[in-house]
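Residues per chain are reported as follows:
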Amino acid sequence: AAPRVFAFRDARWAPDPVLEPNAAVRSPQPVPLVIDNGSFQTRAGWASPDPAVPAEPLLRFRSLAARSRGARGGAGAETQVGNDLGSPEPLRWLLRSPFDRNVPVQLELQELLLDHVFQRLGVASQGCVDHPIVLTEAVCNPLYSRQMMSELLFECYQVPKVSYGVDSLYSFYHNRKQNWPCSGLVISSGYQCTHILPVLEGRLDAKNCKRINLGGCQAAVYLQRLLQLKYPGHFAAITLSRMEEILHEHSYIAEDYIEELQKWRSPEYYENNVHKMQLPFSNKLLGSTLTSEEKQERRQQQLRRLQELNARRREEKLQLDQERLDRLLYVQELLEDGQMDQFHKALVELNMDSAEELQSYINKLSLSVEQTKQKILQAEVNIEVDVVDSKPETPDLDPLGSEQSLEDVESINEFEPLFAEEQPEVEKPVAAVQPVFNLAEYHQLFLGTERIRAPEIVFQPSLIGEDQAGVAETMQYVLERYPKEQQAILVQNVFLTGGNTMYPGLKTRVQKELLEMRPFQSSFQVHLASSPVLDAWYGARDWAVEYMTREEGWITRKDYEEKGGEYLKEHCASNVYVPIRLPKQAPRAAEALAPSRALTSSTGSRGEQ
């Protein structure tokens, strides 16, 4: 089958509307607001058992913000968030994200994202957000990041209570069926990171979690670098947004990478499987598409513009020469009137030495003014020039060698090839008119092995020079930290989730890697999330609906004030809370008491003396 040509969609983001919330989200009590705070995309919606409230995220937008500088003398800086940006490429250098890898660290930008969520979802409470918040966070989230997030939610938005959970664990519990075990190995691959998370008896084993600092972002940058080296003529057209589109729709994971590369060496396999991406282009770039009449009209327009330019230059030159001539004649009148002091002062200003030199300049300028006037009159008479039959006449050289006149001649000579006499159409061979050149094909990107190279970095980070272990090695390392019995339990439920696991062939590749590392005739099962991108939000909503009236997992404002912003109430899909352990102050107290004892003993001895 002949390979198809795919056009880039270059879809623009539609701005998010301000939604009117259903009455059920506030009565009988405010329902939880679920926010999946991802480094690639933010998803937000309501968690309500009422069927009138949609059980899906109402907002989905990129976790990006851009602050323009504002026009001079106009309005101040304008901040745009998420889908309001329209397209990220024109603003790429202005884009900012609150995330460092997958951890929010820029809380000013995080506040902009939350403002956008609350405003577009129509939170109507004055001065506060009176809905409980369910928020996703990174695996083993640093205490400082959680502390800043809690401070933002409780101090800035005055939320009544908040719950933190891990996105991939929410997805794991949302996909859990009746016969699924409570233990499993979760492989979560997102925009910035890939995590291997062992879950034992329904709880995350945080001590044996591993992270690989590779995800969809690094794959897009690698693919961009590959194609820019392959097509340097289209460097600017190979944008990150288009690379993400290629990754989402045209890439796949090879079951055996080396074997797949060998297949691509076959010309027949290449022709049948190559994807051609059509870049936008314009037919106006082709000069051969112009007819002879259009070429003649274009030459006439160019000649007309040149004549107008020369006429404008002559008029400007005439005006300047006339003003200078008037000035010199005024100085000459001073000499004739006998005002010698003013005459000598004027000569010094003109940088002249004598009256003879002044007279010489007056003669030259007078001649130049007369010649320029004659050229202007001649140009007005001969304004109509036949481009085909005759070349434009070259104006006479100035006998005094003035610079402006030489410039006129040079500019005419530069355009002479454009006004060359056309040969009759009969003399041109018909076959040589149309060049053999396909402009559309020149603007195509041929995706061959690039379709598998970019996603492969998760399994082989060395492809982009990263000194890290791939998914298979890390998975084996995590499994080997457990006894064989627990290993057998974990591999019975290997669960894939996250936006970077949607490549075709990923499940088969993980099964192949497990088959190589597991003992002979042992069993394992690999499952893919029903919706790898949205299941984290769906799982968080399920948890919020189930635990809406319970205290388990919710951090209240009282807990925040008593135990600090880093405090976490654990639940089935949360991180493990590790409180800050401050060093004991006893040694310092003993050291502080030692000088005072020495001081009292010395004063006592003095008193005894």
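Quantities reported herein were computed from a predicted structural model and do not represent experimental measurements.

Definitions and cut-offs
Residues numbered from 1 in each chain as written. Predicted model: local features only at pLDDT ≥ 70, side-chain atom pairs only at ≥ 80, totals over all residues. Heavy atoms only, no water. Axes fitted to C-alpha atoms, helices over the stretch in contact; angles between N-to-C directions. Helix = DSSP H or I, 4+ residues; strand = E, 2+ residues; numbered from the N terminus. Parallel < 35°, antiparallel > 145°, perpendicular 65-115°, else oblique. Contact = heavy atoms within 4.5 Å. Nonpolar A, V, L, I, M, F, W, Y, C, P; charged D, E, K, R; others polar. Salt bridge = Lys/Arg side-chain N within 4 Å of Asp/Glu carboxyl O. Buried < 20%, exposed > 50% of the residue type's maximum accessible area, 1.4 Å probe, protein only. Arc of directions from axis to C-beta. Polar contact = N/O pair within 3.5 Å; in protein donor to acceptor, adjacent residues only side chain to side chain. Pairing = 2+ DSSP bridges. Left-handed = near helix turned anticlockwise from the far one by under 90°. UniProt positions renumbered as here; feature names shortened; annotations may be inferred. Phe/Tyr/Trp six-rings, centres within 6.5 Å; stacked < 30°, edge-to-face > 60°. Lys NZ or Arg CZ within 6 Å of the ring centre and 35° of its normal.

Participant: Could you clarify how one ought to interpret the packing of helix H4 (residues 216-230) against helix H5 (residues 240-250) in this entry?
Facilitator: If you want to describe how two helices pack, look at the angle between their axes and the distance between the axes. Contact pair H4 / H5: the axes reach a minimum separation of 9 Å and the direction vectors enclose 110 degrees. Here H5 runs roughly perpendicular to H4, going by the angle between their axes. Mapping the contact onto sequence places Gly 216, Ala 219, Ala 220, Val 221, Leu 223, Gln 224 and Leu 227 in H4 and Leu 240, Met 243, Glu 244, Ile 246 and Leu 247 in H5. For the contact of H4 with H5, the per-class residue count stands at nine nonpolar, two polar and one charged.

Participant: Looking at this structure, I do not really get the pattern of salt bridges. What am I missing?
Facilitator: Oppositely charged side chains are able to pair whenever their charged atoms sit close together. By the definition in use, this model includes 21 salt bridges. With a closest N to O distance of 3.0 Å, Glu 513 and Arg 509 form a salt bridge. One end of the pair is Glu 513 and the other is Arg 509, both in helix H16 (residues 506-517) and four residues apart, which spans about a single turn. Classification of Arg 509 as buried rests on a relative accessible area of 5%. Taken together, the salt bridges that share partners define one network made up of Glu 155, Arg 557 and Glu 561.

Participant: Can you walk me through helix H6 (residues 257-264) in this structure?
Facilitator: Counting along an α-helix, one turn takes 3.6 residues, and residues three or four places apart therefore face a common direction. What H6 keeps buried is the set Tyr 257, Glu 260, Leu 261 and Trp 264. All buried residues of H6 lie within an arc of 105 degrees about the axis, which places them on one face of the element. Of the residues that open H6, the one with a side-chain oxygen 3.3 Å from the backbone nitrogen of Ile 258 is Asp 256.

Participant: I tried to follow the sheet that holds strand S17 (residues 444-447) on my own but got confused; where do I start?
Facilitator: Through backbone hydrogen bonds, the strands of a sheet pair up, either in parallel or in antiparallel fashion. Overall, mixed pairing links the three strands, which are arranged S1-S16-S17 in an open sheet. Across the chains shown, the open sheet's two edge strands, defined by having one partner strand only, are strand S1 (5-7) and S17. The mean angle between the axes of side-by-side strands here comes to 30 degrees, regardless of whether they run parallel or antiparallel. Relative to the sheet, H5 contacts S1, strand S16 (275-278) and S17, its axis offset from that of S16 by approximately 145 degrees.

Participant: Looking at this structure, I do not really get the sheet that holds strand S5 (residues 65-67). What am I missing?
Facilitator: Strand order in the open sheet made by the three strands is S6-S5-S7, with antiparallel pairing throughout. Taken across any chain shown, the strands that pair with only one partner, and hence form the sheet edges, are strand S6 (79-81) and strand S7 (95-96). With two bridges connecting them, S5 and S7 associate as antiparallel partners. Paired with Ala 66 across the two strands is Leu 95, which belongs to S7.

Participant: When you look at the packing of helix H14 (residues 471-479) against H16 in this model, what are you seeing that I'm missing?
Facilitator: Interhelical geometry of H14 versus H16 gives an angle of 45 degrees and a closest axis separation of 10 Å. By the angle between their directions, the pair H14 and H16 is classed as oblique. Pair H14 / H16 crosses with right-handed handedness. For the pair H14 and H16, contact is made by Ala 472, Met 475, Gln 476 and Leu 479 and by Val 510, Glu 513, Leu 514 and Met 517, respectively. Of the residues in the contact of H14 with H16, the class split is six nonpolar, one polar and one charged.

Participant: Any chance you could explain the UniProt feature "coiled-coil region" (unreviewed entry) in the chain here in plain terms?
Facilitator: The UniProt feature table records "coiled-coil region" (unreviewed entry) at residues 292-326 and 355-382. With 100% helix and 0% strand, residues 292-326 has end C-alpha atoms that lie 51 Å from one another.

Participant: Could you clarify how one ought to interpret the pairing of S16 in this entry?
Facilitator: Looking down a regular strand, the side chains alternate between one sheet face and the other. Burial of the side chains of S16 extends over both faces: His 275 and Met 277 are buried on one face and Lys 276 and Gln 278 on the other. Of the pairings in the sheet, the one linking S16 to S17 comprises four bridges and is antiparallel in character. Looking at S17, one finds that His 275 is bridged to Leu 447.

Participant: Just checking my understanding: could you explain helix H3 (residues 167-174) for this structure?
Facilitator: The element H3 is extensively covered by neighbouring structure, given that six of its eight residues are classed as buried. Restricting attention to buried positions, one finds in H3 the residues Ser 168, Leu 169, Tyr 170, Ser 171, Phe 172 and Tyr 173.

Participant: Help me understand the environment of Ser 68 in this model?
Facilitator: Here Ser 68 lies in the loop between S5 and S6. Of the residues examined, Ser 68 reaches a relative accessible area of 27% and is grouped as partly exposed. For the pair Ser 68 and Leu 94, spaced 26 residues apart in sequence, the C-alpha to C-alpha distance is 7.4 Å. When neighbours within four sequence positions are excluded, Ser 68 is seen to be in contact with Ala 77, Glu 78 and Leu 94.

Participant: Help me understand the packing of aromatic side chains, please; the structure alone is not making it clear to me.
Facilitator: Under the criterion given, the structure shown has 11 aromatic pairs. On the basis of an interplanar angle of 20 degrees and a centroid distance of 4.9 Å, the ring pair of Phe 154 and Tyr 560 is categorised as stacked. Within this pair, whereas Phe 154 is found in helix H2 (residues 143-156), its partner Tyr 560 is found in helix H18 (residues 557-563), the two being separated by 406 residues in sequence. The exposure class assigned to Phe 154 is buried, which follows from its relative accessible area of 0%. The structure contains a cluster of three or more aromatic residues connected by ring pairs, namely Phe 172, Tyr 173 and Phe 495. The cationic tip of Arg 509 hangs over the ring face of Phe 459; the distance from NZ or CZ to the ring centre is 4.3 Å. The cationic tip of Arg 550 hangs over the ring face of Tyr 547; the distance from NZ or CZ to the ring centre is 4.5 Å.

Participant: Can you walk me through the side chain of Asp 321 in this structure?
Facilitator: Topologically, Asp 321 is positioned in helix H8 (residues 292-336). On the accessibility criterion, Asp 321 (13% relative accessible area) is buried.

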